[in-house]
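# Structural description and commentary
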Amino acid sequence: MSTMSWPSAARRAAGFARRNKVITGISALFVVAIIVVSLTTNSSAAPPSDPAAAGFSLPALGQTGQQVSLSQYAGKPVIVNFFASWCPPCQQETPLLASWYKQEHGHVALLGLDENDTTANALKFARAKGVTYPIGFDPNVHVAPAYNVDSLPQTFFLNAQHHIVDHVLGGVTKADLAKGLRLMNSTS
């Protein structure tokens, strides 16, 4: 048998109950706070709220005085790929995009947008990966926010009216390119 008296055991149980209620309340507030934060800062891979892609005009990488702009491709489907030389998934996907573009050259417009990079690194990267498609150079990340791009790489498939018909978050595959091309051309 316990040597503790009934009144002291009751007080002790009441203390445990109060602490349990406080801990439960704090835990509930913590869970609610996590839910609120996740709902207000959700960074989904959804395209911009306006289905029309944001226009842009950037200096062409390695081509002084030249520009790469979406308006140059008015009335044509376009693939827009956001990347950077320092991005490991970009380093893996770029050779695929470069070889695919060479095979499709003249049939598909592909624009690379190099974000948050240095000119030297971007040029070295593009040459090493065999890139021949136009690259807009955006070292201060002006275009990416208009597309809700907060991680790299990301690829947008635009139909002839420059409405976003598909979006790939992460490195593209041949299957992604085939699907995006099909969607671009079916809604043109």
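Note that the coordinates shown come from a computational prediction; the quantities given were computed from them, not determined experimentally.

## Focus: helix α3 (residues 119–128)
Of the residues making up α3, those classed as buried are A122, L123, F125 and A126. Across the axial projection of α3, the buried residues extend over an arc of 165°, all falling on one side. In α3, those exposed residues whose orientation departs by more than 90 degrees from the buried face are A120, K124, R127 and A128. Buried residues belonging to α3 abut β3 (78–83), α2 (88–104), β4 (109–115) and β5 (135–138). Trailing α3 by a residue or two, G130 shows a phi angle of about 75°, which is positive.

## Here's the deal with the layout of surface pockets
In this structure, the largest pocket occupies an estimated 260 Å³ of space. Taken together, 17 residues line the largest pocket, and the ones lying closest to its centre are L61, Q63, Y133, P134 and I135. Elements that contribute at least two residues to the lining of the largest pocket include exactly β2 (67–69) and α3. For the lining of the largest pocket, the leading source of residues is α3, giving three residues. Looking at the lining of the largest pocket residue by residue, the class counts come to 10 nonpolar, six polar and one charged. Here the second largest pocket defines a volume of roughly 190 Å³. Lining the second largest pocket are 15 residues, and of these K76, G106, H107, V108 and A109 sit closest to its centre. Elements with a minimum of two residues in the lining of the second largest pocket: β4 and α4 (174–186). Residue classes in the lining of the second largest pocket are distributed as 10 nonpolar, four polar and one charged.

Scoring rules and cut-offs
- Residues numbered from 1 in each chain as written.
- Predicted model: local features only at pLDDT ≥ 70, side-chain atom pairs only at ≥ 80, totals over all residues.
- Heavy atoms only, no water.
- Buried < 20%, exposed > 50% of the residue type's maximum accessible area, 1.4 Å probe, protein only.
- Helix = DSSP H or I, 4+ residues; strand = E, 2+ residues; numbered from the N terminus.
- Arc of directions from axis to C-beta.
- Contact = heavy atoms within 4.5 Å.
- 1 Å grid on protein atoms, 1.4 Å probe; cavity = no way out; pocket = protein on both sides within 12 Å on 5 of 7 lines; lining within 4 Å.
- Points joined across faces, edges and corners; volume = space filled by probe spheres on them.
- Nonpolar A, V, L, I, M, F, W, Y, C, P; charged D, E, K, R; others polar.

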